[in-house]
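Given next are the chains, with one letter for each unit.
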Amino acid sequence: MDIATTPNAVQNFINGRFKTSTAEKLDVISPLTGSTISAVPLSTATDLDEAVKAAKNAFKTWSALTLKERTQYLFRYRNLLIRDRDALTELVHLENGKTLDEARAEVDKSIELCEFACSMPQMVSYEVQEVSKGVECRIERKPIGVVASITPFNFPNMVPNWTIPNALVLGNCMILKPSEIVPLSAIRLAELLKEAGVPDGVFNVVNGGREIVEAICDHPDIQAVSFVGSTKVAKIVYQRATANLKRCLALGGAKNHLIVMPDAQLEMTASNVVASMSGCAGQRCMAAAVMIGVDRVQPIIDRMCEVARAIRPGHELGAVISAEAKKRIEAYITEAEQAGAKVLVDGRNATVPDKEGGFYVGPTIVDYVTPDMRIAQEEVFGPVISIIRAKNLDEAIAIENASPYGNAASVFTENGGFAKEVMERASAGMIGVNIGVPVPREPFPFGGWNDSKFGVCDITGKSSIEFWTQNKKTSVKWNPEAHTNWMS
Ligand code: NAD
């Protein structure tokens, strides 16, 4: 695909056209090989302003279309995602480093997200009631205006599609600011939206890093900001956007705990836990980071080690995003080992033949981790699971709930009573029972609790409708002869 292999190819997409920014550029590096595949402009507030002006102008006609009319564009976009499924998969693989199967699953999820947006006319209808004789009150959901979506590196295709279809179909115009580490998929999405006939200015991409994020938070004509990334930056964005009186939904990092009870089904649990911690090289905000083994779970840990050892970096396991990420992940493992933890499966110093420049860490299982260790507390974001031993379920839930994060928590058990305890008491937004990656699928919404999310609403599903619209409340009387009361 040309866009991915031509150096200096990434441009901004403003008002339906590619636009070269004069800003300084950053190399885009493929984690698969460590080689430079493109360059991305670190755009400035001036570039953003041009995009916001285009979006504001487009909003007048886009928001005036009916919901059913806007949905037609999303149907076409969804069909183009299906047509280009293989090429989009290759692009995610190339720029992010995840395996082709994982990249394909990401594109498939984008298609599902679009299908949800296409069903919006079935879900969003107005409410009308005769509240007094002859007087009607109605509620309509209206778009909010120009909105921005700021996305992370780990899902270059899917996370932008968490917001694009729903925000657009509900009548908003968008500025997407993709991660500067993986800008290629976003540009391709812009091309597909244009091919789907989405009018100029409705969807814009402005590339860059911190400067452009700050400019988004400050821009007076952006009404809402959606952010997905680390907790550190989520807090900055939430504080800055809301201080500028915008609505903001900022999803942050995670430290997901899986509680494994001794009665858990051995084979399913071992394979699910390993898949959760190693899938997408552990760079999922829903990845298992800590397994809390309750009482006698040694057979399950032994089987996990066998499953993990069979996973080959560069084949079933993709690369981590950068050389710095590899160094950081390996440092967490070494520090835990030095503090007394036992590395049962060691993924440090992994290399892949013919891809020696790539950034690979093998699946790693670290046992006898204690809750005070950094590896147990901080987001490692690599294919690493820490095992903490607990005497009983109460202790396990207390360890889980001591984490400041709250994205996901799971329990593996055959016992409904244990499962119910975790479902009720775990302080996390998404709970799994015998599921290692408990991502809710459409129409159920995605979003964590605590330091994993700032702001109300969730980012997908029905909950996102609230975020992307505002209610207009109208009271109407057409019949002056009607019986009067205090309202009429
Ligand atoms: P990140 O926070 O470094 O970057 C996210 C976005 O913020 C990028 O577009 C980046 O350009 C911008 N940014 C980075 N530093 C900034 C700064 N100082 N000021 C303003 N903007 C800045 O996150 P990442 O490394 O790209 O992604 C990984 C993180 O995202 C992990 O913490 C992961 O858990 C989290 N994540 C969370 C979810 C969720 O649903 N909660 C989903 C995906 C990823």
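What counts, and where the lines are drawn
Residues numbered from 1 in each chain as written. Predicted model: local features only at pLDDT ≥ 70, side-chain atom pairs only at ≥ 80, totals over all residues. Heavy atoms only, no water. Pairing = 2+ DSSP bridges. Helix = DSSP H or I, 4+ residues; strand = E, 2+ residues; numbered from the N terminus. Axes fitted to C-alpha atoms, helices over the stretch in contact; angles between N-to-C directions. Near = heavy atom within 4 Å. Polar contact = N/O pair within 3.5 Å; in protein donor to acceptor, adjacent residues only side chain to side chain. Nonpolar A, V, L, I, M, F, W, Y, C, P; charged D, E, K, R; others polar. Domains from an automatic or database assignment. Parallel < 35°, antiparallel > 145°, perpendicular 65-115°, else oblique. Contact = heavy atoms within 4.5 Å. Buried < 20%, exposed > 50% of the residue type's maximum accessible area, 1.4 Å probe, protein only. 1 Å grid on protein atoms, 1.4 Å probe; cavity = no way out; pocket = protein on both sides within 12 Å on 5 of 7 lines; lining within 4 Å. Points joined across faces, edges and corners; volume = space filled by probe spheres on them. Phe/Tyr/Trp six-rings, centres within 6.5 Å; stacked < 30°, edge-to-face > 60°. Lys NZ or Arg CZ within 6 Å of the ring centre and 35° of its normal.

Student: Help me understand the sheet that holds strand β5 (residues 127-132) in this model?
Tutor: Strand order in the open sheet made by the 3 strands is β5-β6-β20, with antiparallel pairing throughout. Each end of this open sheet is capped by a strand with a single partner; those strands are β5 and β20 (469-477). Between one strand axis and the next, the sheet turns through 25 degrees on average, direction left out of account. Where strand β6 (residues 135-143) and β20 come together, 9 bridges link them in antiparallel fashion. Bridging from a neighbouring strand, V135 pairs with K477 of β20.

Student: Would you mind showing me how to read the site of the ligand here?
Tutor: Residues in close proximity to the ligand total 26 residues, the closest being K177, E180, S230, G252 and E379. At a separation of 3.1 Å, an oxygen atom of the ligand approaches a polar backbone atom of F153. Here an oxygen atom of the ligand sits 2.7 Å away from a polar atom, N or O, in the side chain of K177. Counting only elements with at least two residues in the shell around the ligand, the list comes to α9 (210-218) and β10 (224-228). Here the residues of the shell around the ligand sort into 13 nonpolar, 9 polar and 4 charged. Mapping the shell around the ligand onto the domain boundaries places at least three of its residues in each of domain 1 (3-253 + 447-472) and domain 2 (256-404 + 408-433).

Student: Is there a simple way to think about the packing of helix α3 (residues 67-83) against helix α7 (residues 158-169) in this case?
Tutor: The relative placement of two packed helices comes down to the angle between their axes together with the axis-to-axis distance. Two elements in contact, α3 and α7, have axes whose closest approach is 8 Å; the angle formed by their N-to-C orientations is 150 degrees. Taken together, the axes of α3 and α7 lie roughly antiparallel to each other. Seen from α3, the contacting residues are L67, R70, T71, L74 and Y77; seen from α7, they are N161, I164, P165, L168 and V169. Residues that form the contact of α3 with α7 fall into these classes: 7 nonpolar, 2 polar and 1 charged.

Student: Would you mind going over the side chain of E442 with me for this structure?
Tutor: Summarising the element assignment, E442 is placed in the loop between β18 (430-433) and β19 (453-454). For E442, a relative accessible area of 15% corresponds to the buried category. Separated by 2.6 Å, the side chains of E442 and K109 make a polar contact. If sequence neighbours within four positions are ignored, E442 has contacts with K109, E112, L113, F116, T460 and G461.

Student: Just checking my understanding: could you explain the layout of surface pockets for this structure?
Tutor: Rolled over the atoms, a probe sized like a water molecule indicates the empty space that remains. Taken as a whole, the largest pocket encloses approximately 1200 Å³ of empty space. Lining the largest pocket are 44 residues; nearest its centre among them are P152, F153, G229, S230 and V233. With 6 residues, the top contributor of residues to the lining of the largest pocket is helix α10 (residues 231-243). Its residues placed into classes, the lining of the largest pocket shows 21 nonpolar, 13 polar and 10 charged. Counting contributing residues per domain, the lining of the largest pocket is built from domain 1 (3-253 + 447-472) and domain 2 (256-404 + 408-433), each supplying no fewer than three. Volume-wise, the second largest pocket comes out at about 470 Å³. In this structure, the second largest pocket is lined by 19 residues; those nearest its centre are F155, M158, R284, V437 and V439.

Student: Teacher, can you tell me more about the packing of aromatic side chains here?
Tutor: Note on aromatic pairs: each is described by the distance of the centres and the angle between the planes. Counted according to the given criterion, the structure contains 6 aromatic pairs. Centre to centre, the rings of W62 and Y73 are 5.2 Å apart; their planes meet at 65 degrees, and the pair counts as edge-to-face. Here the residue W62 occupies a position in helix α2 (residues 45-62), and Y73 occupies one in helix α3, the gap between them amounting to 11 residues. The class for W62 is buried, based on a relative accessible area of 1%. A cation sits over an aromatic face here: R76 above Y73, 5.0 Å from the ring centre. Across the ring face of F155, the terminal group of K98 is positioned such that the distance to the ring centre comes to 3.6 Å.

Bear in mind that shape data such as this cannot, by itself, settle questions of function.
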